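If you want the building blocks of each chain, they are given just below.
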Amino acid sequence: MPTAFKNLAALYAELEKETSYLKIRDILVRFFKQIPRGDVKTAAYLSLGTVGPHYEKTELGIAEKMAMRAVCAASEELPQKVKRLLLQKGDLGDVAESLSSHGKNKLTIQKVHQTLLAVRDAAGERSQEKKIQLIAKLLKQASPTEAKYLVRIALGKLRLGVADKSLLDAFALAFTGSIANRQRIEDSYNVCTDIGWLGESLAKRGIKATEQFDISVGRPVQSMLAQRVNAVAEIFEKIPGEISAEEKYDGERMQIHKNGDRIIAFSRRLENIGAQYPEIIEAARKGITAKTAVLDGEVVAVKNGKIMPFQLLMQRRRKYDVEAYRAKIPTKIFLFDVLYLNGRSLLKKSYPERKKLLASIMRESERLKLAGGVTSARINVIQAFFERSVKRGLEGIIAKSTGPDSFYRPGKRGWAWIKWKKEYAQGMRETFDLVVIGSYAGKGIRKGFFGALLCAAYNKQNGQFETFTKVGSGFTEKDFAQLKKELRPFEIKTKQKLLRVEKPMIPDTYYEPRLVIEVLGAEITKSPNHTAAKDILKTGLALRFPRFIRIRKDKGPTDATTIKQIIALYKRNNSS
Ligand code: ATP
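About the criteria used
- Along each chain, residue indices are assigned from 1 in the same order as the chain's sequence is written.
- In keeping with the predicted nature of the model, local features appear solely for residues at pLDDT of at least 70, side-chain atom pairs appear and are counted solely at 80 or more, and the whole-chain, interface and lining totals rest on all residues.
- Just so you know, side-chain values use all the structure's heavy atoms and leave hydrogens and water out.
- Throughout the structure description, domain borders are defined by an automatic or database domain assignment.
- The contact criterion used throughout is that any non-hydrogen atoms of two residues lie within 4.5 Å.
- Two parts placed together each lose some accessible area under a 1.4 Å probe, and the buried area is that loss summed for both.
- Here, the term nonpolar core denotes a set of buried Ala, Val, Leu, Ile, Met, Phe, Trp, Tyr and Cys residues that are joined through side-chain atoms within 4.5 Å.
- Buried, partly exposed and exposed residues are distinguished by accessible area as a fraction of the type maximum, computed with a 1.4 Å probe on protein chains only: under 20%, between the cut-offs, and over 50%, respectively.
- Centres within 6.5 Å are what make two rings of Phe, Tyr or Trp a pair, Trp counting through its six-membered ring; a difference in plane orientation under 30 degrees is then read as stacked, over 60 as edge-to-face, and the rest as tilted.
- By the criteria applied, helices consist of DSSP H or I runs no shorter than four residues and strands consist of E runs no shorter than two, each listed in order from the N terminus.
- Site definitions follow a grid-based scheme: protein atoms alone, a 1 Å grid, a 1.4 Å probe that fits but cannot get out for cavities, and for pockets an open set with protein on both sides within 12 Å along at least five of seven lines, plus lining residues having an atom within 4 Å of a point.
- Grid points are joined across faces, edges and corners, and a volume is the space filled by probe spheres set on the points.
- All residues other than Ala, Val, Leu, Ile, Met, Phe, Trp, Tyr, Cys, Pro, Asp, Glu, Lys and Arg, Gly among them, are scored as polar; the first ten of these are nonpolar and the last four charged.
- Only C-alpha atoms enter the line fits that serve as axes; for helices the fit covers just the stretch in contact. Angles between N-to-C directions range over 0 to 180 degrees.
- What sets the label is the angle itself: under 35 degrees gives roughly parallel, over 145 gives roughly antiparallel, 65 to 115 gives roughly perpendicular, and the rest give oblique.
- Each helix crossing is assigned a hand: it is left-handed if the near helix lies turned anticlockwise from the far helix by less than a right angle, otherwise right-handed if that turn is clockwise.
- Under this definition, polar contacts are N or O atom pairs within 3.5 Å; protein pairs additionally need one hydrogen-donor-capable and one acceptor-capable atom, and for neighbouring residues in sequence, both atoms have to be side-chain atoms.
- Salt bridge, as applied in this entry: a Lys or Arg side-chain nitrogen positioned within 4 Å of an Asp or Glu carboxyl oxygen.

Asks: Explain the domain arrangement of the chain to me, please; I cannot follow it from the model alone.
Replies: One frequently used descriptor of interface size is the decrease in accessible area upon assembly of the parts. Segmenting the chain into domains produces domain 1 (5–155), domain 2 (225–425) and domain 3 (430–573). On a C-alpha basis, the centroid separation for the pair domain 2 and domain 3 is 29 Å. Taken together, the contacts link twelve residues of domain 2 with 13 residues of domain 3. Regarding the contact of domain 2 and domain 3, the summed buried area is about 1,100 Å², with carbon and sulfur atoms giving 38% of it. When residues of domain 2 are sorted by the area they lose upon contact with domain 3, Arg 268, Arg 269 and Phe 310 head the list and together hold 45% of the total.

Asks: I'm lost on the nonpolar core in this one. Help?
Replies: If you look at the biggest cluster of nonpolar residues, it comprises 94 residues, and the most contacted ones within it are Phe 32 and Leu 92. Looking at which domains feed residues into this core, each of domain 1 (5–155) and domain 2 (225–425) gives three or more. Not counting residues up to four positions away in its chain, the partners in contact with Phe 32 are Val 40, Ala 43, Ala 44, Ser 47, Leu 167, Phe 171, Ala 174 and Phe 175.

Asks: Even after reading the chapter, I still don't get the packing of aromatic side chains, so can you show me in this structure?
Replies: Two descriptors summarise a pair of aromatic rings, namely the distance from one centre to the other and the angle between the planes of the rings. In total, this model carries 18 aromatic pairs according to the counting rule given. Ring geometry for Trp 197 versus Phe 213: centroids 4.8 Å apart, planes at 85°, classification edge-to-face. Separated by 16 residues along the polypeptide, Trp 197 in helix α12 (residues 195–205) and Phe 213 in the loop between α12 and β1 (225–228) bring together distant segments of the chain. Its relative accessible area of 9% is what places Phe 213 among the buried residues.

Asks: Quick question: what am I supposed to make of empty space enclosed by the protein here?
Replies: Over the atoms a probe the size of a water molecule is rolled, and this reveals where empty space is left. Per the counting criterion, the structure on display carries three cavities of 30 Å³ or more. Estimates place the volume of the second largest cavity at around 50 Å³. Taken together, Thr 19, Tyr 21, Ile 24, Gly 161, Asn 462, Gln 464, Lys 497 and Leu 498 form the lining of the second largest cavity. Its residues assigned to classes, the lining of the second largest cavity comprises three nonpolar, four polar and one charged. Two domains each donate at least three residues to the lining of the second largest cavity, and these are domain 1 (5–155) and domain 3 (430–573).

Asks: It is not clear to me how the packing of helix α11 (residues 182–192) against α12 should be interpreted in this structure. Could you clarify?
Replies: The description of two packed helices rests on the angle between their axes and on the distance between the axes. At a minimum axis distance of 9 Å, the contact between α11 and α12 shows a crossing angle of 135°. Relative to α12, the element α11 is oriented oblique. In the crossing of α11 with α12, the sense of the turn from one axis to the other is right-handed. For the pair formed by α11 and α12, the contact residues are Ile 185, Ser 188, Tyr 189 and Cys 192 on the first element and Ile 195, Trp 197, Leu 198 and Leu 202 on the second. A breakdown of the residues in the contact of α11 with α12 according to their chemical character gives seven nonpolar, one polar and no charged.

Asks: Help me understand α12 in this model?
Replies: Helical periodicity: at 3.6 residues per turn, an α-helix aligns residues three or four positions apart in one direction. Counting buried residues in α12 gives eight out of eleven residues, a clear majority hidden from the surface. The set of residues buried in α12 consists of Ile 195, Gly 196, Leu 198, Gly 199, Glu 200, Ser 201, Leu 202 and Ala 203. Residues of α12 that are buried make contact with α3 (40–47), α10 (164–176) and α11. With a side-chain oxygen positioned 3.0 Å from the backbone nitrogen of Gly 196, the residue opening α12 is Asp 194. Trailing α12 by a residue or two, Gly 206 shows a phi angle of about 70°, which is positive.

Asks: Help me out: how do you make sense of the pattern of salt bridges in this one?
Replies: A side chain with one charge may pair with a side chain of the opposite charge, provided their charged atoms come close. Evaluated as defined, the whole model comprises 42 salt bridges. With a shortest N-O distance of 3.3 Å, Asp 169 and Lys 165 are connected by a salt bridge. Residue Asp 169 and its partner Lys 165 are both found in helix α10; the two are separated by four residues, about one turn of the helix. Lys 165 gets classed as buried once you look at its relative accessible area, which sits at 10%. The residue Glu 200 makes a salt bridge to Lys 204 at a minimum N-O spacing of 3.6 Å. In this pair, Glu 200 and Lys 204 both sit in helix α12, four residues apart, roughly one turn of the helix. A relative accessible area of 16% places Glu 200 in the buried class.

Printed below as a string of structure tokens:
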């Protein structure tokens, strides 16, 4: 029996009420166990309120005004009435629920999914009308509860507290019978990055399915990440033998997929960012001689041959005026890895082998460069290279293992790559990437903006965001205006389940956990006010004397500093 959309709507309703992470997981397990295997893929996307893997276009392109028109058309009510109800209820999903009286026709999850895909793909003239009609048609067939959730999905606002991570846990239990398989499943997800395909494969083949995933062209893998150390000598403790030290560029990570003339560029968050960097796409098309390849590198802004700060590069992250900004802020890419070449995965090749292959398929140009580096087992050689890099205005170096097991490990922050930055060398304070989850109203000259931002770290164990600090300084006037603009779309009326906030830190405004900012801090101390690490240490941890540094648009909320990292830093600083 195909899964009825009614069942999924019942799942949404159950999840919406639940706040306990474990209970949410159990509800998902029960649901995934009872649906046909052929529906797992679609159900996985829809349970996250989306229609496909994150690396595909997932926005449906429905603004609230459009959804209102769909509700009017389906309910045959006048726009004034819908508007009035929206003012009363504050949520268009609730309005659709109250106006719906149909639901005789049985919607299946496949039907809903196909229609939503058609909504996403509607293009060209009258595409808005087409989208509205498609949604209205679904709403006409929906029961009140179904209508409520359909509208929320259409607006991209399902917000059930279900994250990818909850699904990985649920898959482990539902399809492999044990949470002990969780790590293997996550490792596979880092390679396949398609939650639906992963779920379906596990449902069909059990844990054995994890062996089937490998990199392919067109589908991004999660980026390999770097650990950090406090002293250059520590690098040698962690990586014995020869080290390949590379320049560390302060730009944006980019994974380039080349398939003949077709080039796709993915960000670290797996967004397709090729359209924003046309000159890089052109340079890769000309300068990569292999037929098919997946490459890893860092894009930087340049002016008169000099590398410019990250903030300038972020101005290139725009949908409009791309050509004007291309001239204003030109970029280049430094490539440092190749993960796939002419039909073969290179993930299990050693780093020196991969780098050699990379050099052999590149014709360097002004815009396309091979990352510079030295290879040595001697500390003074590495130290001297680091100093030269910093003098040239770079951030520091990334030391990479050259051993036989120096594989490319998607999504892993391990000791095979270690970053060594000038800030650490100068004994400067730590920086953290934190998620803005709330703000406090501004007074005096900050009236109309905010007085401070409530920032959280990411708890990878339960998918929640735990408060770590309240940032009230470091903002320029421009920062205030920009943060206000960036945060507005994420404003929410009540606290979401994923946010762990306790008195006295309750903010005036809550935000969906979306925007990441970099914050410099002086010290981590115990604090009863914050929830960071509370489950583990019994008391919260807080960052003292925080200062805003910059917005990190290249990072998503789950890329933020983790609770585990904060505990490690706290312990290290308190043991010496
Ligand atoms: P940071 O905030 O310190 O820049 P991060 O949290 O963004 O680091 P890390 O994995 O900790 O990410 O640091 C590695 C990042 O440095 C990579 O994600 C990549 O974007 C960038 N990078 C710059 N140069 C290199 C290089 N030669 N090799 C690998 N990564 C590099």
